[in-house]
Amino acid sequence: MIERIPMNSKSLQVAFPEVYQEFFAKCDLVVSANRQITWTGDYGVIYGGIMLRESLPIRTYVGITLRARSNKIKIGGCLEFDPSKQVFLSADPETYYKNKFEHHLSEFLEKTAGIKSNGFEIHILNEIPFERGIGQRGAFLSSLIAGILLLNGKINQAEINKWRDLDSRSLKESINKFDFVFRLAWKLDNFINTAASGNTMFGALFPSSEPFVFLSKLPKEIYPEVGRGLSLDSLSLLDQGEYWGARLSELTQQKEGWPWSFDYGLINIGEASHSRVSNLWAVEQIRSMKDNGINFEKQFNQHFNFSSSAVKPTVYTLAADSDNLWFNYVNILLINGLQTFLCFRDIFKLNLLPSLADRLIELWQQEQHLFYNFNLSSLMTDEICSRIRSLFQEKDKANSFVTVRMAGSRRQSQAIFLINSDQMKNKVNEVIVALKAEFNESSALDYASWLDGYEEEGGIKIEQYLADNIHSPLVSADILKLDLYTKDDIVNKMVKLDNLDKKEIDLLLDTVHNKIYIKGKSVHADQIPTQIATIEIVKKLLEHLGKNVSNKELPAKSYSSYRNEFQGKISSPLMKLMGDKIKIDVEGELMNFTVRLEISRGAKIGVLKMI
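Summary of the structure given here. (Residues numbered from 1 in each chain as written. Predicted model: local features only at pLDDT ≥ 70, side-chain atom pairs only at ≥ 80, totals over all residues. Heavy atoms only, no water.)

### Things to note about the sheet that holds strand S11 (residues 444-448)
Here is step 1: Reading across the sheet, the four strands line up as S9-S10-S8-S11 and stay open at both edges, with antiparallel pairing between neighbours. Each edge of the sheet is formed by a strand with only one pairing partner; in this case those strands are strand S9 (402-406) and S11. In this sheet, neighbouring strand axes are inclined to one another by 25° on average, regardless of whether the strands run parallel or antiparallel.
Here is step 2: Pairing of strand S8 (residues 263-268) with S11, which is carried by four bridges, proceeds in the antiparallel orientation. Bridge assignment links Leu266 to a residue of S11, and that residue is Tyr447.
Here is step 3: Of the strands in this sheet, S9 and strand S10 (414-419) are in contact with helix H13 (residues 354-373), which crosses S9 at around 20°.
Here is step 4: Most of the contacts of helix H14 (residues 379-395) go to S9, to which it runs at about 160°, and overall it touches S8, S9 and S10. (Pairing = 2+ DSSP bridges. Helix = DSSP H or I, 4+ residues; strand = E, 2+ residues; numbered from the N terminus. Axes fitted to C-alpha atoms, helices over the stretch in contact; angles between N-to-C directions. Contact = heavy atoms within 4.5 Å.)

### Structural notes on the packing of aromatic side chains
Aromatic rings considered in pairs are described by the distance between their centres and by the relative angle of their planes.
Here is step 1: For the structure shown, the criterion picks out 50 aromatic pairs.
Here is step 2: Judged by centre distance (5.9 Å) and plane angle (80°), the rings of Trp39 and Phe262 are edge-to-face. Of this pair, Trp39 sits in strand S1 (residues 29-40) while Phe262 sits in the loop between helix H9 (248-252) and S8, placing them 223 residues apart in sequence. Note on accessibility: Trp39 and Phe262 belong to one class, buried.
Here is step 3: For the ring pair Trp39 and Tyr264, a centre distance of 4.7 Å and an interplane angle of 80° mean the geometry is edge-to-face. Residue Trp39 is found in strand S1, and its partner Tyr264 is found in strand S8; the two are separated by 225 residues along the sequence. Each member of the pair Trp39 and Tyr264 is classed as buried.
Here is step 4: Here the aromatic cluster, defined as three or more aromatic residues joined through ring pairs, consists of Trp39, Trp258, Trp260, Phe262, Tyr264, Phe344, Phe348, Trp364, Phe401, Tyr447 and Tyr454. (Phe/Tyr/Trp six-rings, centres within 6.5 Å; stacked < 30°, edge-to-face > 60°. Buried < 20%, exposed > 50% of the residue type's maximum accessible area, 1.4 Å probe, protein only.)

### A short note on unusual backbone geometry
Here is step 1: Cis peptide bonds are those with omega within 30 degrees of zero, and the linkage from Trp258 to Pro259 qualifies with -5°.
Here is step 2: Residue placement: Pro259 occurs in the loop between H9 and S8.
Here is step 3: With phi around 65°, Gln253 is a residue other than glycine that occupies positive phi space.
Here is step 4: With respect to the secondary-structure elements, Gln253 resides in the loop between H9 and S8.
Here is step 5: Judged by relative accessible area, which is 66%, Gln253 ranks as exposed.
Here is step 6: Positive phi outside glycine occurs at Ala556, with the angle close to 55°.

Purely geometric stuff here, so don't read any function into it on its own.
This is the structure we're talking about:
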């Protein structure tokens with residue numbers, strides 16, 4: 001078995017420094033958020049049920065590279081850490097809604113936030129695969145929205161940092177902008193998904209090192225009637241929605257059982273499926289139950305004439321109320337979730353008393369059965385969960401506390417287990433080996449609390465923002481920024497000078513060492529008399545590429561004040577060396593002229609500078 005790297009950000013950064021450095025080196029801005037585990041409330045939260053979640057020390061990083069001369073938004077590189085193979089692998093960009101974002105994100109931002117965004121490229125680094133679930137959309141979409149708002153001046157780092165010092169009620173006050181960011185992320189989730197409750201968005205944004213509660217009440221128009229996300233014109237409905245969230249300690253006022261008096265973990269048991277499948281199934285069930293209720297009502301009314309009778313059997317009354325038939329069914333799941341929450345609350349307050357342990361086992365088994373009844377689980381996943389439980393019990397027959405259920409409302413993906421025995425913990429590798437042999441070779445231990453630790457902060461983090469002078473410590477000191485200009489675009493990235501292939505760049509302006517390179521060859525003084533002045537002037541012209549710039553706006557006044565001096569020592573020598581790669585037009589009088597720089601198609605001009 002491959003030696004396992006602890007599943008937390010710090011350990012992964014130590015094990016794969018080059019992966020993180022390469023990711024950060026190409027991003028102007030990086031925002032991250034935690035993935036989260038659900039203790040209770042899966043699926044039922046869509047219908048107003050209570051959800052109890054907790055952040056894991058595993059993050060999703062969303063990086064943005066600016067494309068100032070393009071109005072297109074693109075999904076770039078996507079990397080994910082695979083716990084079973086212990087390596088970062090490229091992921092399919094379509095997993096991250098590539099097609100929808102590239103075609104509709106600009107319109108979404110303009111309609112919902114009044115942002116007319118320039119083009120940018122989105123990069124993703126995920127410390128666990130997106131399709132494992134555990135709050136994947138919240139970590140990704142909330143980080144993306146926060147990053148876009150930062151770039152457009154709608155929020156700043158100080159406002160985000162302030163959230164950590166606020167209680168949950170104060171957090172929602174408009175002055176703190178949490179509600180503004182949350183609702184925008186909530187809208188994006190509903191735009192690309194079906195009837196999203198907002199729980200994963202809240203969990204990603206909410207700074208909490210302990211479990212937290214979430215509830216929401218969606219406008220009735222948003223419930224999954226159509227099996228797809230809301231249209232752009234319908235997203236404003238979410239402004240009528242309400243949500244509530246709090247750290248568990250804010251409700252209990254005490255936490256003797258925290259950190260949890262049990263250990264827990266996540267086991268990947270096979271290929272994942274989007275929770276959207278569950279919502280689509282719900283759509284069909286709503287329609288089916290309504291149709292069946294109407295048919296039942298008509299059939300029995302014809303025979304018994306119940307419509308004119310004062311006394312009606314309960315089943316007839318229930319079926320006749322076809323609009324609420326489905327929600328009466330869902331209430332079973334909501335009640336179980338409430339009972340499970342209260343059990344976790346008491347464990348949080350009092351510790352894992354024997355009576356609470358027995359109650360939690362019973363409730364989790366009920367929830368797993370409810371998942372099956374709602375078609376959110378399957379015979380196979382039920383069998384796997386049962387087998388995991390028996391495998392742990394075999395390792396410590398004296399300890400009866402072990403419970404397992406699916407981690408989320410999915411047919412496949414992950415099982416979550418709770419144990420409180422050192423003997424069971426020490427045998428977890430043997431459990432994984434058995435699962436590989438009996439069910440799926442890709443089975444892996446995705447997370448274990450005693451091996452990987454707890455999250456210390458929670459919430460989103462601004463990991464890097466070059467425009468605000470925030471640099472990630474994961475980027476080494478010898479990294480420089482390269483702005484690469486072409487006829488139609490600007491690409492910004494960070495590079496190591498030793499690794500930069502200067503021959504790939506037609507004209508490189510090295511502002512760090514005040515040197516000019518043409519196709520990798522350094523320019524001498526007899527070719528361009530003043531490299532420092534040339535660098536300063538060309539940098540200014542690049543900022544206004546293809547536009548006339550007055551000589552009064554140009555730097556290096558001793559060379560830009562007189563047209564003859566400018567042409568003789570700056571523009572003419574540079575064009576002679578560059579050939580047809582660039583064109584510098586100079587028009588006007590001796591001391592009052594304009595300059596326009598053009599780049600030929602296929603040519604590249606780079607500006608290398610300190611971060």
